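Spelled out, the chains give:
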Amino acid sequence: MENNMKALMIVVNAGFADDIIDATREVGVRGATIFNARGEGAHHKSILGITVDTEKDLILCVVDTITAEKAMDVIKEKFGIKTPAHSICFTMPVDKIVGINIEPLIYKP
Amino acid sequence: MMINETDNKISFLTIITGRNKKDALLTALLDSDIHLINTIYGKGTVKANFLRNALGLVPEENKVVITCISTCVKNEIVLRMLEEKFGFNKPNTGIAFTAPIDKVSY
């Protein structure tokens, strides 16, 4: 169960999750889990008291260190903080893992 | 109260599997004396058949993400239980991993 895997977490504006999944597949990410969330930041946007533009998608995937770095480069380049996707991603170290085949897979469309 | 890393190493356990296993998993976790459990629904990235998707026959959030904070020893027992009881060592059943945590305050 010991490994050099990373848990890659991507926070992105809602609606861009599928595009990010497609882009990361090309660098070897096999699968991910997406969940919905509400963002809260320093700049609170609201119209007539209704909060707008805070819906986010969280993407969680477990990948090896090299693939995680490749995925982060792709995300930064195509969906970075200056793009409409406004994504932020980070990795967390993984101690132990079960249920995953750790051989990297290169996506072929 | 604060638990330091040196007192008893703790880690953050994340389990991702199908929603149909949620109840059984929660029962098993509680039986294993694991607490601080959170459940989130999510969706996988496997593309479903186009027609089923168009007809709305594919459940939107078909995955469950269960997270909990516990000691490394307990988490290791849970990981073993997931392999033996829930078949996580077989493909397409689920994954689980632990990430280290420095400190917990409660």
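Let us look at the structure shown here. Since the model is a prediction, treat every value here as computed from it, not as a measurement. (Residues numbered from 1 in each chain as written. Chains lettered and ligands numbered in written order. Predicted model: local features only at pLDDT ≥ 70, side-chain atom pairs only at ≥ 80, totals over all residues. Heavy atoms only, no water.)

### Description of the pattern of salt bridges
What counts is decided by this rule: Whenever Lys or Arg places a side-chain nitrogen within 4 Å of a carboxyl oxygen from Asp or Glu, that contact is recorded as a salt bridge. Only protein chains enter the accessibility calculation, which uses a 1.4 Å probe. A residue is then buried if its area is under 20% of the maximum for its type, exposed if over 50%, and partly exposed in between.
This model, assessed by the stated rule, comprises 4 salt bridges over all chains. A salt bridge links Arg 38 of chain A to Glu 40 of chain A, with the shortest nitrogen-to-oxygen separation between them at 3.2 Å. Under the relative-accessibility criterion, Arg 38 of chain A is labelled exposed at 61%. A salt bridge links Asp 33 of chain B to Lys 74 of chain B, with the shortest nitrogen-to-oxygen separation between them at 3.7 Å.

### Digging into the interface of chain B and chain A
Interfaces are frequently sized by the accessible area removed from exposure as the parts join. Defined as follows: Only heavy atoms matter for contacts: two residues are in contact if any of them lie within 4.5 Å across the pair. For any pair of parts, buried area is found by adding up, for both, the accessible area (1.4 Å probe) each one loses once the two are put together. Whenever a nitrogen or oxygen atom comes within 3.5 Å of another N or O atom, the pair is scored as a polar contact, on the condition that within protein one atom can donate a hydrogen and the other can accept it, and that pairs from neighbouring residues in sequence are kept only if both atoms are in side chains. A run of H or I in DSSP becomes a helix once it reaches four residues, and a run of E becomes a strand once it reaches two; helices and strands are each numbered from the N terminus. Two strands are said to pair when DSSP picks up at least two bridges between them.
Taken together, the contact pairs 25 residues of chain B with 21 residues of chain A. For the chain B and chain A pair, buried surface summed over both sides reaches about 1,900 Å², with 62% attributable to carbon and sulfur atoms. Per-residue buried area on chain B facing chain A is highest for Lys 43, Thr 45 and Phe 97 of chain B; these three make up 29% of the total on that side. At the junction of chain B with chain A, the criterion picks out 1 salt bridge. Residue Lys 96 of chain A pairs with Glu 76 of chain B through a salt bridge whose shortest N-O separation is 3.8 Å. Put simply, chain B and chain A have 6 residue pairs in polar contact (both at pLDDT 80 or more) between them. When residues of the side of chain B that touches chain A are traced back to their parent elements, those giving at least two are strand E2 (10–18), strand E3 (37–44), strand E4 (63–71), helix H3 (72–86) and strand E5 (94–101) of chain B. Broken down by element, the side of chain B that touches chain A gets its largest block of residues, 7 residues, from E5 of chain B. Pairing analysis gives 3 bridges linking strand E7 (residues 96–98) of chain A to E5 of chain B, with the strands arranged antiparallel.

### Looking at the side chain of Asn 75 of chain B
Structurally, the position occupied by Asn 75 of chain B is in helix H3. Non-local contacts of Asn 75 of chain B, meaning those with residues more than four positions away in its chain, are made with Ser 11, Phe 12, Leu 13, Ile 34, Ser 70 and Thr 98 of chain B.

### A few points about the packing of helix H1 (residues 22–31) of chain B against H3 of chain B
Geometrically, a packed helix pair is captured by the angle between its two axes and the distance between the axes. Residue and element names in this part refer to chain B. Here is the rule we go by: Fitted lines through C-alpha atoms give the axes, limited to the stretch in contact for helices. The angle between two N-to-C directions lies from 0 to 180 degrees. Note on terminology: angles under 35 degrees are roughly parallel, angles over 145 are roughly antiparallel, angles of 65 to 115 are roughly perpendicular, and the others are oblique. Each crossing gets its hand from how the near helix is turned against the far one by less than a right angle, where anticlockwise is left-handed and clockwise is right-handed.
Look at H1 against H3: their axes get within 11 Å of each other, and the N-to-C directions meet at 140 degrees. It follows from the interaxial angle that H1 and H3 lie oblique. H1 and H3 meet at a crossing whose hand is right-handed. Together, Ala 24, Leu 25, Ala 28 and Leu 29 of H1 and Val 78, Met 81, Leu 82, Lys 85 and Phe 86 of H3 make up the contact between the two elements.

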